[in-house]
Amino acid sequence: MTIGNIIVLSGAGISQESGLATFRDSDGEWSRVRLEDVATPEGYRRDPARVHAFYNARRQQLGQVKPNAAHFALARLEESWPGQMLVVTQNIDDLHERAGTKALIHMHGELNKARCDLCGSIAPWSGDLNQQSHCGDCRQAGHLRPHVVWFGEIPLEMGRISKALNQCHLFVAVGTSGNVYPAAGFVSQVRSRPGTRTVELNLLPSEGASLFAEANYGPASEVVPAFVDHLLNSL
Ligand code: BJW
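Summary of the structure given here. Numbers given to residues run from 1 along each chain, matching the order in which its sequence is written. pLDDT decides what is reported in this predicted model: residues at 70 or higher carry local features, side-chain atom pairs at 80 or more are listed and counted, and totals for whole chains, interfaces and linings draw on all residues regardless. The side-chain values count all of the structure's non-hydrogen atoms but skip hydrogen atoms and water molecules.

1. Observations regarding the sheet that holds strand β1 (residues 6-10)
Link 1 in the chain: Strands qualify as paired when DSSP identifies two bridges or more between them. Secondary structure counts use DSSP, requiring at least four H or I residues in a row for a helix and at least two E residues in a row for a strand, with both numbered from the N terminus. Reading across from one edge, β3-β2-β1-β7-β8-β9 is the order of the six strands in this open sheet, with parallel pairing throughout. Every interior strand has two partners, whereas the edge strands, β3 (104-106) and β9 (214-217), have only one. Strand-to-strand twist of the sheet, defined as the mean angle between neighbouring strand axes without regard to direction, takes the value 15°.
Link 2 in the chain: By definition in these notes, contact holds between two residues if any of their heavy atoms fall within 4.5 Å. Angles here are taken between N-to-C directions and fall from 0 to 180 degrees, while the axes themselves are lines fitted to C-alpha atoms, restricted in helices to the stretch in contact. Of the strands in this sheet, β1, β7 (170-174), β8 (197-202) and β9 are in contact with helix α9 (residues 220-233), which crosses β8 at around 150°.

Below, the structure written as structure tokens:
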């Protein structure tokens, strides 16, 4: 195998075996709440208390879950791979960093940070957020929101991601349904460059499965470590 740059795009499926729900599976978040209510700026304006409650519950859950074998395998790949590797995650949990991944972009934000709508400051946040929460920088109450990207908002660090996609030789999507753009379009961007290898690792074929040249299906805790072993053994 040629040594090159790897991008791993991860989605909710990688954290499912750690105990965090996905979105679109039959027992996923969108089976319990309407995404229009909790994952849009309009929903937040209509009922901020409901949106805070949704994210507070998920933030509390972070303390009860641990990275699984898939997160650890990706950290091991980064540690041993002689080329560059970047994990771009759509997940707002912190399981990749807790497993040891260093080069990481949270394109849909981070659950354990809060952002002030007034002054723009972003700060770590481990407890509950509510409409009375004060910004640590401008000291104003009522303007802190979860630091997450809702529908209709622009995902984070798109310039850096796009540059990395244009320089990658191996693109691996793990545990993402391929429903949400721009992440769902990354595979098309990389496969337009001849020679770029594209791999889907998922429980089941995703919406965009036909866009990938290779695929391995099964639980992430099994298929990701096996794929990482295969890559490292081919060096
Ligand atoms: C396992 C497993 C196991 C399970 N092992 N696998 C019409 C056409 C095209 C686009 C649009 C359109 N209308 C609107 C848009 C844009 C819109 C969009 O994509 N809408 C679609 C619904 C059509 N996108 C946006 O608005 C985005 N912004 C944007 O486009 O800005 C414009 C712009 C972009 C770029 C440059 C400049 C301008 C923002 C999207 C924000 C998404 N936010 C959310 C919620 C916030 C975070 C949170 O609360 O956690 O992010 S939605 C939700 O979906 C969350 C996720 O990150 C995201 C993706 O979900 P994911 O990770 O794929 O999870 P699932 O549940 O869908 O899939 C899980 C997969 O795992 C499944 O395949 C399972 O099989 C698998 N699995 N167990 C392995 N054990």
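Still more ground to cover, so stick around.
2. Considerations on the site of the ligand
Link 1 in the chain: Note on definitions. A residue lies near a molecule or strand when any single heavy atom of the residue is within 4 Å of it. Inspection of the region around the ligand gives 34 residues, with Arg24, Arg58, Glu153, Ser177 and Tyr181 positioned closest.
Link 2 in the chain: Polar contact criterion, stated in full: a pair of N or O atoms within 3.5 Å, where within protein one must be able to donate a hydrogen and the other to accept it, and residues adjacent in sequence count only if both atoms are side-chain atoms. The contact in question runs from a nitrogen atom of the ligand to an N or O atom on the backbone of glycine 13, over 3.5 Å.
Link 3 in the chain: A distance of 3.2 Å is found between a nitrogen atom of the ligand and a backbone nitrogen or oxygen belonging to leucine 203.
Link 4 in the chain: Surface accessibility in these figures is a Shrake-Rupley result with a 1.4 Å probe; residues are shielded only by whichever protein chains are displayed. Summarising the interface, the protein chains cover 77% of the accessible area of the ligand, which totals 1,500 Å² for the free molecule.
Link 5 in the chain: At the level of secondary structure, the elements contributing two or more residues to the shell around the ligand comprise α1 (13-16) and α4 (48-62).
Link 6 in the chain: When its residues are assigned to classes, the shell around the ligand shows 16 nonpolar, 13 polar and five charged. Asp, Glu, Lys and Arg are counted as charged, while Ala, Val, Leu, Ile, Met, Phe, Trp, Tyr, Cys and Pro are counted as nonpolar; the rest, among them Gly, fall into the polar class.

3. Regarding the pattern of salt bridges
Link 1 in the chain: We count a salt bridge whenever a side-chain nitrogen from Lys or Arg sits within 4 Å of a carboxyl oxygen from Asp or Glu. This structure, assessed with the given rule, holds eleven salt bridges.
Link 2 in the chain: The closest approach of N and O atoms between aspartate 94 and arginine 98, which form a salt bridge, is 3.0 Å.
Link 3 in the chain: Glutamate 110 serves as the salt-bridge partner of lysine 113, at 2.9 Å between the closest nitrogen and oxygen.
Link 4 in the chain: Residue class for glutamate 110 comes out buried when judged on its relative accessible area of 15%.
Link 5 in the chain: Connected through salt bridges with shared partners, the residues Arg34, Asp37, Arg46 and Arg50 form a single ionic network. Each residue's exposure class comes from its accessible area (1.4 Å probe, protein chains only) as a fraction of the maximum for that residue type: buried when under 20%, exposed when over 50%, partly exposed otherwise.

4. A look at unusual backbone geometry
In most cases, non-glycine residues show a negative phi, while peptide bonds are predominantly trans.
Link 1 in the chain: Cis geometry is found at the peptide bond from tyrosine 181 to proline 182, where omega equals 5°.
Link 2 in the chain: Take proline 182: it is sitting in the loop between β7 and α8 (186-191).
Link 3 in the chain: One non-glycine residue, arginine 139, lies in positive phi territory at about 70°.
Link 4 in the chain: Position of arginine 139 among the secondary structure elements: in the loop between β5 (122-124) and β6 (144-148).
Link 5 in the chain: For glutamate 157, which is not a glycine, the phi torsion comes out positive at approximately 55°.
Link 6 in the chain: Note on placement: glutamate 157 falls in the loop between β6 and α7 (158-166).

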